[in-house]
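Each chain, written out:
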Amino acid sequence: MSTDENRAIELLHRVSYGRVATSMRAMPFVAPARHIVADGRVLIRMHQGLGYHRACNGSVVAYGADNFNSGSESLWSVQFTGTAEIVEPTAAELAAFGPEPELVDGEPFVPVFMRIEPQFVTVHALDYASETPATAPAGPSVRRHLHHVA
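Below you will find a few notes about this structure.

The rules behind the values
- Residues numbered from 1 in each chain as written.
- Predicted model: local features only at pLDDT ≥ 70, side-chain atom pairs only at ≥ 80, totals over all residues.
- Heavy atoms only, no water.
- Core = buried A, V, L, I, M, F, W, Y, C linked by side-chain atoms within 4.5 Å.
- Buried < 20%, exposed > 50% of the residue type's maximum accessible area, 1.4 Å probe, protein only.
- Helix = DSSP H or I, 4+ residues; strand = E, 2+ residues; numbered from the N terminus.
- Contact = heavy atoms within 4.5 Å.
- Phe/Tyr/Trp six-rings, centres within 6.5 Å; stacked < 30°, edge-to-face > 60°.

With that out of the way, let us pick up the nonpolar core. In terms of nonpolar packing, the biggest core is built from 27 residues, with Leu12, Val20, Ile44, Met46, Tyr63, Val78 and Phe80 touching the most fellow members. Elements with a minimum of two residues in this core: α1 (3–12), β2 (27–38), β3 (41–47), α2 (52–56), β4 (60–66), β5 (74–87) and β8 (111–130). Counting residues per element, this core draws most heavily on β8, at 5 residues. Not counting residues up to four positions away in its chain, the partners in contact with Val20 are Phe29, Val30, Ala31, Ile44, Met46, Cys56, Val61, Ala62 and Tyr63. Core analysis: the next-biggest nonpolar cluster, separate from the first, contains 5 residues, Leu43, Val87, Phe97 and Phe113 among them.

Written out as structure tokens, the structure reads:
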């Protein structure tokens with residue numbers, strides 16, 4: 001596993017939810033999902049009742065997660081792109097997911113699990129650096145830097 005892949009997996013362990021993206025009937029969509037990492041692959045849990053798993057199964061998907069709402073000055077996002085397939089999780093994997101929601105959009109939650117075999121992994125870091133008052137332009141007192149590691 002590359003350094004970037006190891007870093008992405010380490011960051012993914014810091015949050016519980018992300019978004020899976022693919023297309024359904026030629027239209028793009030993004031759906032929330034709970035994730036864990038097992039054997040270097042991303043395993044996600046989605047609600048079966050929405051039907052998104054059918055579009056994902058056997059297709060190339062992107063799964064992304066971030067810490068954008070953490071309040072941290074050091075923000076990051078990761079994206080795993082690869083083929084998804086429906087799987088039956090092991091007892092250990094089920095335990096790692098933790099409790100399931102009771103309802104999704106008012107309907108009982110019915111889980112479906114998918115494994116993503118990553119072919120591409122991307123890590124982005126957004127660093128907010130303070131400027132000194134003498135060099136700071138009028139307006140916000142932060143510079144934004146986007147670093148892309150592919």
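What follows picks up the thread again.
Moving on: the packing of aromatic side chains. Inspection of the entire model under this criterion finds 2 aromatic pairs. Seen in terms of ring centroids, Phe29 and Tyr52 are 4.6 Å apart; in terms of plane orientation they differ by 25°. Their pairing is stacked. On the criterion of sequence distance, the pair formed by Phe29 in strand β2 and Tyr52 in helix α2 is long-range, its members being 23 residues apart. On the accessibility criterion, Phe29 (11% relative accessible area) is buried. Of the residues examined, Tyr52 reaches a relative accessible area of 23% and is grouped as partly exposed. Look at Phe97 and Phe113: their rings are 5.3 Å apart centre to centre, the planes differ by 55°, and that puts the pair in the tilted class. Highlighted residues: Phe97 in helix α3 (residues 91–97) and Phe113 in strand β8, separated in sequence by 16 residues.

Any functional reading would require information that these geometric values do not contain.
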